[in-house]
There are 2 protein chains.
Amino acid sequence: MLLSTVMSLSGKGETTGLLFLYHHLQNNLYLNKLREMMQSRNIAACIINSSDPHLSQYVADNWKIRERISGFDGSAGTVVVLPEEAGLWTDSRYFLQAEMQLENSGILLFKNGLPDVPDYCSWIISNSKEGSIVGIDGRLFSTHKVEEMKEKFTAAGLALETDFVLTEALTDAHALTDGVTLSHPVSNTNTGVFIYDEKFAGISCSEKIKIIRQKIEEAKAGILLLTGLDEIAWTFNIRGNSVEYNPVTTAYATIATDSACIFIDDKELTPEVISYFGQNRIEILPYLSVFDFLSKLSPEQHILIDKQKVNYALFDAIPKSVSVVAKESPAGMLKAVKNETEIEGVRNAVIKDGVALIRAFYRLEKDLEAGVKVTESSFAEQLKICRAEQKDFFGESFPAITGYASHGAIVHYTATPESDAELRPDGLLLVDSGGNYFDGTTDITRTIALGKATKQQKTDYTNVLKGHIAIATAIFPEGTHGAQLDALARRPLWDNCLNYGHGTGHGVGHFLSVHEGPQNIRTKDNGVELKPGMLLSNEPGLYRKDEYGIRLENMILVKEYMETEFGRFFQFETLSLFPFDLQLIEQDMLSEKEIKWLNDYHVAVYEKLAPLLSEGEKKWVGRCPQL
Amino acid sequence: MLLSTVMSLSGKGETTGLLFLYHHLQNNLYLNKLREMMQSRNIAACIINSSDPHLSQYVADNWKIRERISGFDGSAGTVVVLPEEAGLWTDSRYFLQAEMQLENSGILLFKNGLPDVPDYCSWIISNSKEGSIVGIDGRLFSTHKVEEMKEKFTAAGLALETDFVLTEALTDAHALTDGVTLSHPVSNTNTGVFIYDEKFAGISCSEKIKIIRQKIEEAKAGILLLTGLDEIAWTFNIRGNSVEYNPVTTAYATIATDSACIFIDDKELTPEVISYFGQNRIEILPYLSVFDFLSKLSPEQHILIDKQKVNYALFDAIPKSVSVVAKESPAGMLKAVKNETEIEGVRNAVIKDGVALIRAFYRLEKDLEAGVKVTESSFAEQLKICRAEQKDFFGESFPAITGYASHGAIVHYTATPESDAELRPDGLLLVDSGGNYFDGTTDITRTIALGKATKQQKTDYTNVLKGHIAIATAIFPEGTHGAQLDALARRPLWDNCLNYGHGTGHGVGHFLSVHEGPQNIRTKDNGVELKPGMLLSNEPGLYRKDEYGIRLENMILVKEYMETEFGRFFQFETLSLFPFDLQLIEQDMLSEKEIKWLNDYHVAVYEKLAPLLSEGEKKWVGRCPQL
């Protein structure tokens, strides 16, 4: 699944249309309430993003404050509210959607990236009197971001207050409309915490803590603060239900040389989980007591925090006398490099996922032949049913994207009741979906022709496939960053003056978030080396507005290849198993090497999946001829 | 020419052996003198790099202080002197050379990049008592670097003094040995300042100043400080002889909204040059008075400086009450994008350069056939002679690298009297050379077989050529950074677990430095977009230790290609003109597209050069068959 589309998919797809209408009617209420609160606190400008105190990519509904204030529910966007004006900043993916959703809201749209569009800090500065106060909810911004903003505002004679708690500011207004109490946004969100079996995790919680303690010592610190929900789940081998599509639980944690604490709302922890924490010498403390814990750190302590991941309110709670070691979270990098058990688990999960997909696509073909009505959303539902039949299925890893014809070209498309198109024996269908199994998380995209493909569809598809194969077959030296490989995937498209606006690959978690950092393959370099054991997606695409979208995605694993006098070289192993649509391939455009890769891949797909398929399904897969 | 080799080539090649011996005998004298000076100033540690106050890549001999102190004359290296110990930090290219040159010097070698090797700041910190003073010559470090070091040292309880002027500290010791006075290191270095004709420059000095003034206003500043010698030469359309191989003159400059100053030692300025500055309303002030000028800026002024380019001593001279706008120098980016006249000039220069190369290589072949003795250095001399015969030749753009057989594998090789190998009809010869013509600077590398090539030599050569062609034929969207394209050149080598340790391409100046920033094609992203008009080198290579080196370099120009609904796309135009050695090509390894590029290139070389060649030379070039 595309990194750039993640936030727009985090809501419940089927309610989007309704929610949109509802927002439209209610947002003035929220805006009015917010302005009242601002006035009473003497705040001249308020910045609202769409995060939670763990700076999660996916957030629980109660944290969707920016959506509530503005009515705009795209993935990327920040709202600034002034006493008389308000503005929303978003990027080109959302210009159209934002224009629609902001209509009559009185909120101005600022199109990021266009010439002469100021960033929101500059806009605040030029619209506020010197000495004014800018208010933010410090829990929702990283320490790094707040430090950056403070510098800008201070230079311009404005003050930044970081304790303007938004959920409280909005409780009354919200209660007026739907009765949900937001003053304790974290209550009841850790339902279903369970122990993640070591047979899937590969390494015990106590072993992980031991390794992290070594990293803390290497960083010359004495204690580590963990705030990322996936990092906490990984470290302690626990999972939960706090966030849709993400098997995490809401908690903070600290690991010191001789102790460890988990800050979690313990009302619903099972005796088994409580005893597990006890066995691992992890103290259970109330979720919000982390602030108190940090404020009582003694001056001789050195605390390791990742300023990109720790929210400012937590950072601010640390006494100034305590030394802060600002460094990348060691849990993040440890989590990114999968162990042997995790890798074996994923290899198993992709087999189950391949079987589920073949079942769904085989049935789709039969249904269309038989004239049974299938729509984008009914096919998405079918995919979910087929995955749910597989062993150790936990849930979808994100809501499936099924974009038929021109819908496939909307990179962040989710079918709504209004848009839900019927699939017909004509045009292209783009399907991006994935599952969370106990043994691994999957993410795969295929584009298929439902009827006879046009010449342009075939050349486009083949160019995307060439890019996909370029990544799949890449060999690269130790030390290579993902960004260095990105152009290999784009070159066949660039050669024809085509391109796609999203990244080529994102990191994938292990029975965790389908998107995880820091590894990726993107245009912009983030300085992270690809290391054996890292799991990523390989998903070049092409989108022709009002026509169709093509994306071809497999999961890939970084592996050792060979060591020579020129150093160590790595390669990728493709994990996902599902055939490519040969009707869409222009064979003449492929090199011998590319044809060999494709043939080998199809042999592997057949050999690994056939034993688990019905005769009809087997025949359906087996019809992929060798090119 | 390789960016990574530039410093080692800046000395006079033929004296290296002698210089080395001389350094060996004298460096204790310098070290002792330095320690005396440190003691009298109570300085516990001194850091010595190899820069000049303009932070030039090439420096005049009197600024080679690190060489003088340590005896090590590699391009990259920093010496730290403590009262009892001293260390040199350098990278893997120089481990062997540094080991040799530091022998018996008492200076420890720190191999950058190896595990557990501390950086020099950490080494100073762990070897100095709290409260100690670290001394540097603030003129030789960028403002950015000093700010970084200050932060480190302050956190560790050390003080950094930036006024420890090294040349003065070394004057006496130096005078003892060779009589050169270093106390006025800039005297007499601006000999030969001349006006660079607008017919070559394309834009007048007054027009350039006008554009720069716009940029200063856009940056909300009122005055710009220019310190880069090539930026000053470009802005004012002047050239000079201050640095070998670089037609620049030693000066500082300021440009304000209504005035401009050049700070230059005016003793030898011709009446013509003085009158030129007058006509352009550029005030001439003494070179060193720039410090006084900066110190007298009034508090309401906003000065634009590039902290990566302006040395700390200058920055420090600016009163704290003046607002500093820290930004990339506008002259640097303007200079990087060549105008039409400059581009036409280079197109002409590469024709002359091609003719000179063909003359030299044709003669080499005849000489070897006739049994005439040719050595690496005599062939380098021959190249210089052939270039000097061309119209508007000013000098070589760097000392030619002629690496025969195993010498070709030494990436920073320069023939010395001891190493100078005789060329025989066997093995590979790598030749990297270039000229400064009034209409443009050139840089080209070819590798040729002097006898029958081995299978490995051919496959290696063909893989390097494939990488070269990948860059030459690349099409890429607007906004692409050079680093994104780097892997295209490396892929054919990576596929065979081969690689090269230098960048794929560097920026090239126009009748200026053969290396210029900010544009490049390297592994590490520097955030600079490739823009139409930028001139770069395209020079992948392969080096087999003790066997041979291969490098294939042409100059390339960024050009518009096409605009589609997917945006603007750019491509490169290859400028350099000289055939590739077909004896070294494995035709089976090339794709149809690659063969077409090669054939088209050879047709272009012949058509453009033939009218200027003798019958024999024409025949020699014309024997390149179509593949």
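### Let's talk about the overall build of chain A
Here's step 1: Of regular secondary structure, chain A possesses 19 helices and 28 strands.
Here's step 2: Over its C-alpha trace chain A gives a radius of gyration of 25 Å, about what one expects of a compact globule, namely 25 Å for 627 residues.
Here's step 3: Taking the principal axes of the C-alpha coordinates as reference, chain A spans close to 70 × 55 × 50 Å.
Here's step 4: Per-residue burial over chain A gives 60% buried out of 627 residues.

### Structural notes on the packing of aromatic side chains
Here's step 1: Under the definition given, this model contains 56 aromatic pairs over all chains.
Here's step 2: Ring geometry for B:Phe200 against B:Phe438: centres 6.0 Å apart, planes inclined by 25°, an arrangement best described as stacked. Of the two residues, B:Phe200 is situated in helix α7 (residues 198–201) and B:Phe438 in the loop between β18 (435–437) and β19 (440–441); the sequence distance between them amounts to 238 residues.
Here's step 3: Look at B:Phe200 and you get buried, because its relative accessible area is 15%.
Here's step 4: The exposure class assigned to B:Phe438 is partly exposed, which follows from its relative accessible area of 22%.
Here's step 5: One aromatic cluster is present, built from ring pairs that chain together A:Phe194, A:Tyr196, A:Phe200, A:Phe394, A:Phe438 and A:Phe511.
Here's step 6: In this structure, B:Arg490 is placed above the aromatic ring of B:Tyr500, and the distance from its NZ or CZ to the ring centre is 4.0 Å.

### Observations regarding the pairing of strand β2 (residues 78–81) of chain B
All names here are of chain B.
Here's step 1: Both faces of β2 are covered, namely the face carrying Thr78 and Val80 and the face carrying Val79 and Val81.
Here's step 2: Two strands pair when backbone bridges link them, and strand β1 (residues 45–48) and β2 are joined in this way by three bridges, in the antiparallel orientation. Bridge pairing in β2 places Ile48 opposite Val79.
Here's step 3: As judged from the four bridges shared by β2 and strand β3 (residues 86–90), these two strands associate in the antiparallel manner. In the strand pairing of β3, Thr78 is matched with Trp89.
Here's step 4: Remark: four residues form the turn of the hairpin made by β2 and β3, two consecutive strands paired antiparallel.

### A short note on the nonpolar core
Here's step 1: One finds A:Phe236, A:Phe572, B:Phe236 and B:Phe572 to be the most contacted residues of the largest nonpolar core, which totals 252 residues.
Here's step 2: Broken down by element, the residue count for this core peaks at 13 residues, all from helix α14 (residues 340–370) of chain A.
Here's step 3: The contacts of B:Phe236, once residues within four sequence positions are left out, are B:Cys205, B:Ile209, B:Ala253, B:Ile255, B:Cys261, B:Ile262, B:Tyr276, B:Phe277 and B:Ile282.

### So, the relation of the copies chain A and chain B
Here's step 1: If you rotate chain A by 180° and push it 0.1 Å along the axis, it lands on chain B with an RMSD of 0.1 Å. The superposition of one copy onto the other is thereby described by a two-fold rotation axis. Judged by C-alpha distance, A:Gln484 is the residue of chain A that lies nearest the rotation axis, at 2.9 Å.

### Re the environment of A:Phe580
Here's step 1: As for its placement among the helices and strands, A:Phe580 is situated in the loop between β28 (567–574) and α18 (592–609).
Here's step 2: Residues A:Phe580 and A:Gly427 lie 153 residues apart in sequence; the distance between their C-alpha atoms is 16 Å.

### Description of the interface of chain A and chain B
Here's step 1: Contacts between chain A and chain B engage 29 residues on the former and 29 residues on the latter.
Here's step 2: Among the residues of chain A in contact with chain B, A:Trp494, A:Cys497 and A:Phe566 are the three that bury the most area, contributing 27% of the side total.
Here's step 3: Taken together, the connections running from chain A to chain B amount to four salt bridges.
Here's step 4: Notably, a salt bridge pairs B:Glu565 with A:Arg544, separated by 3.7 Å at the nearest N-O pair.
Here's step 5: Taken together, chain A and chain B are joined by six residue pairs in polar contact (both at pLDDT 80 or more).
Here's step 6: Within the residue set of the side of chain A that touches chain B, elements represented by two or more residues are β21 (475–477), α17 (482–494), β25 (541–544) and β27 (554–564) of chain A.

### Looking at unusual backbone geometry
Here's step 1: Between A:Gly517 and A:Pro518 the backbone carries a cis peptide bond, its omega angle lying at 0°.
Here's step 2: Considering the arrangement of structural elements, one finds A:Pro518 in strand β23 (residues 516–521).
Here's step 3: The phi torsion at B:Lys220 lies on the positive side, around 60°, for a residue other than glycine.
Here's step 4: Relative to the helices and strands, B:Lys220 is located in the loop between α8 (205–218) and β8 (223–226).

### Things to note about the domain arrangement of chain A
Residue and element names in this part refer to chain A.
Here's step 1: The domain architecture assigned to chain A consists of domain 1 (2–177), domain 2 (194–336) and domain 3 (340–622).
Here's step 2: Interface area for domain 1 against domain 2, summed over the two sides, is near 1600 Å², with a carbon-plus-sulfur share of 54%.
Here's step 3: The tally of links from domain 1 across to domain 2 stands at one salt bridge.
Here's step 4: At the boundary of domain 1 with domain 2, the tally comes to 13 residue pairs in polar contact (both at pLDDT 80 or more).

### A word on the sheet that holds strand β12 (residues 282–285) of chain B
All names here are of chain B.
Here's step 1: One open sheet holds the six strands; their spatial order is β12-β11-β10-β8-β13-β14, and the pairing between them is mixed. Either end of the sheet is taken by a strand with one partner, and the two such strands are β12 and β14 (323–326). Geometrically, the sheet is characterised by an average inter-axis angle of 20° between neighbouring strands, direction not taken into account.
Here's step 2: Contacting β8, β10 (252–256), β11 (260–263) and β12, helix α9 (residues 229–236) crosses the sheet at an angle of about 50° to β10.

### Section: the side chain of A:Ser537
Residue and element names in this part refer to chain A.
Here's step 1: Take Ser537: it is sitting in strand β24 (residues 535–538).
Here's step 2: What makes Ser537 buried here is its relative accessible area of 0%.
Here's step 3: Of the polar contacts made by the side chain of Ser537, one reaches the side chain of Glu539; its length is 2.8 Å.
Here's step 4: Apart from the residues within four sequence positions on either side, Ser537 is in contact with Thr504, Gly505, His506, Val508, Ile521, Glu553, Asn554, Met555 and Ile556.

### A word on the packing of α14(A) against helix α15 (residues 376–388) of chain A
All names here are of chain A.
Here's step 1: In the contact formed by α14 and α15, the axes pass within 8 Å of each other and the chain directions differ by 140°. Judged by the angle between their axes, α14 and α15 are oblique. For the element pair α14 and α15, the recorded crossing hand is right-handed. Touching Asp353, Ala356, Leu357, Arg359, Ala360, Phe361, Arg363 and Leu364 of α14 are Phe379, Gln382, Leu383, Cys386 and Arg387, all from α15.
Here's step 2: Looking at the contact of α14 with α15 residue by residue, the classes come out as eight nonpolar, one polar and four charged.

### Things to note about the sheet that holds β2(B)
Note on sheets: strands pair through backbone hydrogen bonds, and any given pair is parallel or antiparallel.
All names here are of chain B.
Here's step 1: Taken together, six strands build an open sheet; the order of strands is β4-β3-β2-β1-β5-β6 and the sheet is mixed. Each edge of the sheet is formed by a strand with only one pairing partner; in this case those strands are β4 (108–111) and β6 (159–161). Averaged over all pairs of adjacent strands, the angle between their axes in this sheet comes to 25°, without regard to strand direction.
Here's step 2: Along the sheet, helix α3 (residues 95–102) contacts β3 and β4; its crossing angle with β4, the most-contacted strand, is approximately 170°.
Here's step 3: Each of β1, β5 (133–135) and β6 is contacted by helix α5 (residues 143–155), which is oriented at about 150° to β6, the strand it contacts most.

### Thoughts on α3(B)
Residues and elements named next belong to chain B.
Here's step 1: Here α3 has its buried residues at Phe95, Gln97, Ala98, Gln101 and Leu102. For α3, the angular spread of the buried residues around the axis is 160°, confining them to a single face. Opposite the packed face of α3, turned more than 90 degrees from it, sit the exposed residues Leu96 and Met100.

### What to know about the packing of α14(A) against helix α19 (residues 615–622) of chain A
Residue and element names in this part refer to chain A.
Here's step 1: Close contact between α14 and α19 brings their axes to 10 Å; oriented N to C, the two are set at 90°. Here α14 lies roughly perpendicular to α19, going by the angle between them. Side by side, α14 and α19 meet where Ile358, Arg359, Phe361, Tyr362 and Glu365 of the first sit next to Gly616, Glu617, Trp620 and Val621 of the second.
Here's step 2: Across the contact of α14 with α19, the residue classes break down as five nonpolar, one polar and three charged.

### What to know about the pairing of strand β20 (residues 444–449) of chain B
Sheet faces and side chains relate simply in a regular strand, where the side chains alternate between the two faces.
Residues and elements named next belong to chain B.
Here's step 1: Counting buried positions along β20 gives six out of six residues, so the element sits mostly inside the fold.
Here's step 2: The alternating pattern of β20 places Ile444, Arg446 and Ile448 on one face and Thr445, Thr447 and Ala449 on the opposite face, and all of these are buried.
Here's step 3: The pairing of strand β17 (residues 428–433) with β20 spans six bridges and is antiparallel. Residue pairing for β20: Leu429 is matched across the bridge by Ile448.

### Examining the pattern of salt bridges
All names here are of chain A.
Here's step 1: Scanning the entire structure with this criterion turns up 69 salt bridges over all chains.
Here's step 2: The partner of Lys335 in a salt bridge is Asp230, with the nearest N and O atoms 3.3 Å apart. Of the two residues, Lys335 is situated in helix α13 (residues 330–336) and Asp230 in helix α9 (residues 229–236); the sequence distance between them amounts to 105 residues.
Here's step 3: For Asp230, a relative accessible area of 17% translates into the label buried.
Here's step 4: The residue Lys366 makes a salt bridge to Glu369 at a minimum N-O spacing of 3.8 Å. Here the residue Lys366 and the residue Glu369 both occupy positions in helix α14, the gap between them amounting to three residues, near one helical turn.
Here's step 5: In this structure, a network of salt bridges that share partners links the residues Asp230, Lys335, Lys338 and Glu516.

Conventions adopted
- Residues numbered from 1 in each chain as written.
- Chains lettered and ligands numbered in written order.
- Predicted model: local features only at pLDDT ≥ 70, side-chain atom pairs only at ≥ 80, totals over all residues.
- Heavy atoms only, no water.
- Helix = DSSP H or I, 4+ residues; strand = E, 2+ residues; numbered from the N terminus.
- Rg over C-alpha atoms; globule rule 2.2 N^0.38 Å.
- Buried < 20%, exposed > 50% of the residue type's maximum accessible area, 1.4 Å probe, protein only.
- Phe/Tyr/Trp six-rings, centres within 6.5 Å; stacked < 30°, edge-to-face > 60°.
- Lys NZ or Arg CZ within 6 Å of the ring centre and 35° of its normal.
- Pairing = 2+ DSSP bridges.
- Core = buried A, V, L, I, M, F, W, Y, C linked by side-chain atoms within 4.5 Å.
- Contact = heavy atoms within 4.5 Å.
- Least-squares fit on C-alpha atoms with pLDDT ≥ 70 in both.
- Buried area = accessible area lost by both parts, 1.4 Å probe.
- Salt bridge = Lys/Arg side-chain N within 4 Å of Asp/Glu carboxyl O.
- Polar contact = N/O pair within 3.5 Å; in protein donor to acceptor, adjacent residues only side chain to side chain.
- Domains from an automatic or database assignment.
- Axes fitted to C-alpha atoms, helices over the stretch in contact; angles between N-to-C directions.
- Parallel < 35°, antiparallel > 145°, perpendicular 65-115°, else oblique.
- Left-handed = near helix turned anticlockwise from the far one by under 90°.
- Nonpolar A, V, L, I, M, F, W, Y, C, P; charged D, E, K, R; others polar.
- Arc of directions from axis to C-beta.

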